[in-house]
Amino acid sequence: MSPQIRDVERMVEPVMVSEGAGVRLKRTIASRKLDYLDPFLLLDHFGSDNPADYLAGFPMHPHRGIETVTYMLEGFVRHKDSLGNAGTIGPGDVQWMTAGSGIMHEEMPRPDGNRMYGFQLWVNLPAKRKMTRPRYQEFAADKIPEVEGDGGSRVRVVAGEAAGVQGPVREIAISPTYLDVEVPARSTFTHPVERGHTAFAYAFEGQGSFGPNGEVISALSLVIYGDGDRVQVRAGKEPLRFLLVSGKPLHEPVARYGPFVMNTREEIQQALHDLRDGTFVKVQPQTESDSWYGSALLDRKEGDRG
Ligand code: CO
């Protein structure tokens, strides 16, 4: 079979939603237009010049069964979590958080400066990793390689590979690619994407064509690709900037309730039960070595569920 350029299968424009303590977000995946793009559960683009749109932030809340990926363009978010981590992520930084068996965290905008922009993506975990030990990978902007792609494009490699350079986020179940790509006006960028992997682009500046048929798509748009071996993007008369994200689909049942995404309703009920009786967080700070709990859950087999 000769290499095939992926067609644009579908386009989704963001809808405005309010989350956390009243943060205004532009949502594409997990909106009424698009429930799930296996293995991607949610994509929020937060961005505003008005602090009132985001200052309320995301006070302490739980996650289980997923990974949350925060990639900042502008502004600063302070975070802390039940593993004992705390810090600030700023422009160009990424935090890839594997909630696994359960994490409590808060994400609060730092109230200096007037602008805040960035993305949060939720990545599903396969059934056998849903209750894995929580961990996170956080990288400052200067640890994220920037490479020159074809057509003079500039590519920041968060995960996966571009121009032979690998991003710092590693050992993620779905083998993701996560690139921040800027293509100069009227230039063409191509990038290989593994056949069978789900792929999308999220255009957030400029306009261009994302497939071989040349249809022009303007920011803000989520572009969902059909299958193939590579994507081909051509910028219009202005530079085009987009996220290019891909990953291996899971093809597993999804039971979803707010910040918990499991495979069955019973597992969701278990999460709610754990939250009520104070056993939700399985891994505390200072329990880095395998505890009474860790190995049993990490080795849990699919057949043990429910
Ligand atoms: Co969160």
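Once a new chain begins, its residue numbering starts again from 1 and follows that chain's sequence as written. Selection of residues for local features in this predicted model requires a pLDDT of at least 70, selection of side-chain atom pairs for listing and counting requires 80 or more, and totals for whole chains, interfaces and linings are taken over all residues. With hydrogens and water excluded, all non-hydrogen atoms of the structure serve as input to the side-chain values.

S.K.: Please provide a residue-by-residue account of the sheet that holds strand E7 (residues 77–81), values included.
M.R.: The sheet built from 4 strands is open, its strands ordered E5-E10-E7-E8 with antiparallel pairing. The open sheet has two edge strands with one neighbour each: strand E5 (58–63) and strand E8 (86–89). Across the sheet, the mean angle separating the axes of adjacent strands is 25° when strand polarity is ignored. Two elements, E5 and strand E10 (residues 103–109), share 4 bridges in a ladder whose sense is antiparallel. Paired with His-61 across the bridge in E10 is His-105. For two strands to pair, DSSP has to find at least two bridges joining them. By the criteria applied, helices consist of DSSP H or I runs no shorter than four residues and strands consist of E runs no shorter than two, each listed in order from the N terminus. Interaxial angle, 0 to 180 degrees, is taken between N-to-C directions of lines fitted to C-alpha atoms, where a helix line uses only the stretch in contact.

S.K.: Tell me what's going on with the coordination of the cobalt ion, and back it up with residues and numbers.
M.R.: A donor here means any N, O or S atom no more than 2.8 Å from the metal (3.2 Å for Na, K and Ca); water is not included, so a site may seem to lack partners. With distances of 2.1 to 2.8 Å, the protein atoms coordinating the cobalt ion are His-61 (NE2), His-63 (NE2), His-105 (NE2) and Glu-107 (OE). One can describe the donor arrangement at the cobalt ion as irregular, given that its 4 donor atoms subtend angles of 85 to 178° at the metal. Donor residues for the cobalt ion, ordered by position in the chain, follow H-x1-H-x41-H-x1-E. Classification of residues uses two cut-offs on accessible area relative to the type maximum, computed with a 1.4 Å probe and protein chains only: under 20% is buried, over 50% is exposed, and between them is partly exposed. Relative accessible area serves as the criterion here: at 3%, His-105 is assigned to the buried category. Any coordination sphere not matching a tetrahedral pattern (four donors, all angles between 85 and 135 degrees) or a square planar or octahedral pattern (four or six donors, opposite donors over 155 degrees apart, other angles between 65 and 115) is reported as irregular.

S.K.: Can you lay out the sheet that holds strand E1 (residues 8–12) for me, pointing to particular residues and giving the numbers?
M.R.: Remark on secondary structure: sheet strands pair via backbone hydrogen bonds, oriented parallel or antiparallel. Strand order in the open sheet formed by 7 strands is E1-E22-E19-E24-E17-E14-E13, and the pairing between neighbours is antiparallel. Each edge of the open sheet is held by one strand with a lone partner, namely E1 and strand E13 (146–148). The mean angle between the axes of side-by-side strands here comes to 25°, regardless of whether they run parallel or antiparallel. For strand E17 (residues 177–183) and strand E24 (residues 240–247), the ladder comprises 7 bridges, and the chain directions are antiparallel. Within E24, the position partnered with Val-183 by the bridge is Leu-240.

S.K.: Account for the environment of Gln-137, with residues named and values stated.
M.R.: The residue Gln-137 is located in strand E12 (residues 135–139) in this model. What makes two residues a contact is simply this: any of their non-hydrogen atoms within 4.5 Å. Beyond its immediate sequence surroundings of up to four residues, Gln-137 is in contact with Val-94, Gln-95, Trp-96, Pro-168, Val-169, Arg-170 and Ile-172. Definition of a polar contact: a pair of N or O atoms within 3.5 Å, with one able to donate and the other able to accept a hydrogen when the atoms are protein atoms, and with sequence-neighbouring residues admitted only if both atoms are side-chain atoms. Polar contacts involving the side chain of Gln-137 include one to the main-chain carbonyl oxygen of Arg-170, which spans 2.7 Å.

S.K.: Mind laying out the pattern of salt bridges, listing which residues take part and the relevant values?
M.R.: Put simply, a salt bridge is a Lys or Arg side-chain nitrogen that is within 4 Å of an Asp or Glu carboxyl oxygen. Tallied over the entire structure, the rule returns 14 salt bridges. For Arg-27, the salt bridge identified is with Glu-19, shortest N-O distance 3.3 Å. Take Arg-27: its relative accessible area is 8%, and that puts it in the buried class. Given the relative accessible area of 33%, Glu-19 is considered partly exposed. Across the pair Arg-115 and Glu-74 runs a salt bridge whose closest N-O atoms are separated by 2.9 Å. Here Arg-115, found in the loop between E10 and strand E11 (116–124), pairs with Glu-74, found in strand E6 (residues 66–74); they are 41 residues apart in sequence, far enough to count as distant. For Arg-115, a relative accessible area of 38% gives the class partly exposed. Where salt bridges share partners, they join Glu-146, Arg-154, Asp-180, Glu-182, Glu-205 and Arg-241 into one cluster.

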